Amino acid sequence: MTLLRLQSVDGYYGGARILHGVSLEVGAGERVAILGRNGVGKTTVVNACLGIARVRAGQIAFQGQAQAPIRHFTAARAGIAVVPQGRRIVPGLTVRENLALGAAVGRSGKWNFESVCDLFPILRERADTPGTAMSGGQQQMLAIGRALMANPALLILDEPSEGLAPVIVDELAATLVRLAGEDTSILLIEQNFSLVHRVAQRYYVLSKGAVVDQGTVEGMSMADLKKHVAV
Amino acid sequence: MIQVINGLVYGSFLYVLAVGLVLIFGLRRVTNFAHGSFFMLGAYVSYAAAAHLGFWTGMIVSVAALAVFGALLDRFVFRPLSREEPIVTLLVTFGLLFVLEDAVRTIWGKDYISVSAPEALSGSVTLFGSQFPTYRLFVIAVAIAVALGLAVWLRSTKVGLYVRASSVDPVTTAMQGVDTDRLSALVVAIGTGLAGLSGTIAGPLMALSPSMGGYIIIDCFIVVVTGGLTSFTGAFVAALVIGQFHNLGLVYVPEVASVIPLLIMAAVLGLRPQGLAGPRK
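Since this is a predicted model, take the numbers as computed values, not measurements.

Criteria and thresholds
- Residues numbered from 1 in each chain as written.
- Chains lettered and ligands numbered in written order.
- Predicted model: local features only at pLDDT ≥ 70, side-chain atom pairs only at ≥ 80, totals over all residues.
- Heavy atoms only, no water.
- Helix = DSSP H or I, 4+ residues; strand = E, 2+ residues; numbered from the N terminus.
- Rg over C-alpha atoms; globule rule 2.2 N^0.38 Å.
- Buried < 20%, exposed > 50% of the residue type's maximum accessible area, 1.4 Å probe, protein only.
- Contact = heavy atoms within 4.5 Å.
- Areas by Shrake-Rupley, 256 points an atom, 1.4 Å probe, with all protein chains shown as cover.
- Lys, Arg positive; Asp, Glu negative; His and termini not counted.
- Charge placed at Lys NZ, Arg CZ, Asp CG, Glu CD.
- Pairing = 2+ DSSP bridges.
- Axes fitted to C-alpha atoms, helices over the stretch in contact; angles between N-to-C directions.
- 1 Å grid on protein atoms, 1.4 Å probe; cavity = no way out; pocket = protein on both sides within 12 Å on 5 of 7 lines; lining within 4 Å.
- Points joined across faces, edges and corners; volume = space filled by probe spheres on them.
- Nonpolar A, V, L, I, M, F, W, Y, C, P; charged D, E, K, R; others polar.
- Buried area = accessible area lost by both parts, 1.4 Å probe.
- Salt bridge = Lys/Arg side-chain N within 4 Å of Asp/Glu carboxyl O.
- Polar contact = N/O pair within 3.5 Å; in protein donor to acceptor, adjacent residues only side chain to side chain.

Draft legend 1. Structural context of the overall build of chain A. Check the secondary structure of chain A and you find nine helices and ten strands. Its C-alpha atoms give chain A a radius of gyration of 17 Å, near enough to 17 Å, the size a compact globule of 231 residues would have. Projecting the C-alpha coordinates of chain A onto the three principal axes gives extents of approximately 45 × 40 × 30 Å. Counting over 231 residues, chain A shows a buried share of 55%. For chain A, the proportion of contacts with a sequence separation of at least 24, taken over those separated by at least 6, is 69%. When the accessible surface of chain A is split by element, carbon and sulfur atoms take 49% of a total near 9400 Å². A gap of 7 Å separates the mean positions of the 23 positive and 19 negative side-chain charges of chain A.

Following this line, the structure appears as structure tokens:
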């Protein structure tokens, strides 16, 4: 089953065309990465799925259902949770409240406050402190935990390693591999080759808003991956 | 001491009105100049309904009518204009103020109308050795009930959590599956319903006139800005402070009474640009 399919999508912010006929798909149980330099449109792919970037041509389908128009909450209700770039922890809410917000979509499954805190014990320890008062790494755990609270079929992570220390990125990679082993599909948008190499099975390379390469990660070296991004 | 309680009375109905404005600003980021005319409309609707159904039913009718009006306003005005520059919505609400004033003037005339307090509250009680109207104490009780009700709703319910989240980051809130448009309609309905409630309880305290909303909206904006724009606690404290100084000013320095709330706002913003309880930038 294909969880997410973009078919020849042109994505816009206002009158500015960012995505040029982007096609990609993520199937159930897959771990897929989108690679590319800064400013090539990686985040716009996510924003198109969230209705933040306007889709003027092409089609986006969640779980086989074509979506038009896409509103901000459409993806969540179709079982697609997003860990946005910059984490976007809601100011003024505690860790517990940020996690509760993640459950707003009301999908049942294995993830709840207790199971998320078992995965990230620091969230239980700091449950009643403001989410924005935590360190960058802890906020990333909170952002992933909030997304898991939706019990998603597909988890989209936009630059999750941004601003994190290498040791935290290692922990993040281990967590994502573990999540993938628990039937959560992953779409990873990253520039960190090491993270992509450890987590993803397939990749797409984006350049100037278009997919210029794709393939499988297995058997490739990190140097190969870097070469693909240097298109 | 009686003057202090009178100040509490003014601060109380100012709070009930201002907190509706805080709710609407928080969710829609709309500087709603028409809020004063919702207050005025609420007073007239309640007056008209009370003539046939009594004060209490009139109050319910007023709150319900203004809430429905608010939901429609959000659906057909605020939501379509949400992608426009803020000045566009501001001008539309400013125009709405004049439309509503003229509509009320056409229906009920421009003369002042007196409204009596309900019979059960028409007496007085002895406070600090003086007689004090029971109705005025009722106004304070309404404000306390509204403050407590909102606090429980916002802090203890799922919808309250979504309202707090959406007032800070509507995009992230929607990304979690919350339909923020429906949430905004609910919140605007509650905000305008509170304006109706405020207009209703103000009826027996001040004469009804089509321009009554224009006078109160200035103090209302001062309360909201002084409190910190999106802070419910800030609005509560600011309303009580402004109410006190407004009332004491009328008694002791009537020549400059109208300037005092503005001076308080300027002083607070000078010391804390984010207001009493607004988030620090």
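Draft legend 2. Fine view of the sheet that holds strand 3 (residues 31-35) of chain A. Residues and elements named next belong to chain A. Strand order in the open sheet formed by six strands is 6-7-8-3-9-10, with mixed pairing between adjacent strands. Where the open sheet ends on each side, the last strands, each with one partner, are strand 6 (80-83) and strand 10 (210-216). Neighbour-to-neighbour, the strand axes of the sheet open up by a mean angle of 15°, direction not taken into account. Direction of pairing for strand 3 relative to strand 9 (residues 202-207): parallel, over a ladder of four bridges. Each bridged residue has a counterpart across the sheet, and for Val32 the counterpart in strand 9 is Arg202. Those strands touched by helix 6 (residues 136-148) are strand 6 and strand 7 (154-158), and its axis lies near 170° from that of strand 6.

Draft legend 3. Molecular detail of empty space enclosed by the protein. Tallying each qualifying case throughout the model produces one cavity of 30 Å³ or more. Considered as a void within the structure, the largest cavity measures approximately 40 Å³ in volume. Together, Ala76(A), Ile80(A), Ala81(A), Val82(A), Ala147(A), Ala150(A), Met175(B) and Gln176(B) line the largest cavity. At three residues, the largest contribution of residues to the lining of the largest cavity is made by strand 6 of chain A. Residue classes in the lining of the largest cavity are distributed as seven nonpolar, one polar and no charged.

Draft legend 4. Just the side chain of Ser46(B), in detail. Its place among the elements puts Ser46(B) in helix 2 (residues 35-53). With near-sequence residues (within four places) excluded, Ser46(B) lies in contact with Gly58(B), Met59(B), Ser62(B) and Thr200(B).

Draft legend 5. Expanded view of the side chain of Ser166(B). All names here are of chain B. Looking at where Ser166 falls in the secondary structure, it is placed in helix 6 (residues 158-168). What makes Ser166 buried here is its relative accessible area of 1%. Those residues in contact with Ser166 that sit more than four places away from it in its chain are Gly26, Leu27, Thr173, Thr180 and Leu183.

Draft legend 6. Focus on the interface of chain A and chain B. Taken together, the 22 residues of chain A in the interface contact 17 residues of chain B. For the pair chain A and chain B, the summed buried surface comes to about 1800 Å²; carbon and sulfur atoms form 61% of the total. Of all residues in chain A, the largest losses of buried area upon contact with chain B belong to His72(A), Arg88(A) and Leu101(A), amounting jointly to 27% of the total for that side. Our enumeration of links across chain A and chain B arrives at four salt bridges. In this structure, Asp181(B) and Arg71(A) form a salt bridge, with 2.7 Å as the shortest nitrogen-oxygen distance. Run the count over chain A and chain B and you get six residue pairs in polar contact (both at pLDDT 80 or more). Elements that contribute at least two residues to the side of chain A that touches chain B include exactly helix 2 (74-77) and helix 3 (95-102) of chain A. In terms of residue count, helix 3 of chain A provides more of the side of chain A that touches chain B than any other element does, four residues in total. For the side of chain A that touches chain B, a count of residues per class yields 13 nonpolar, three polar and six charged.

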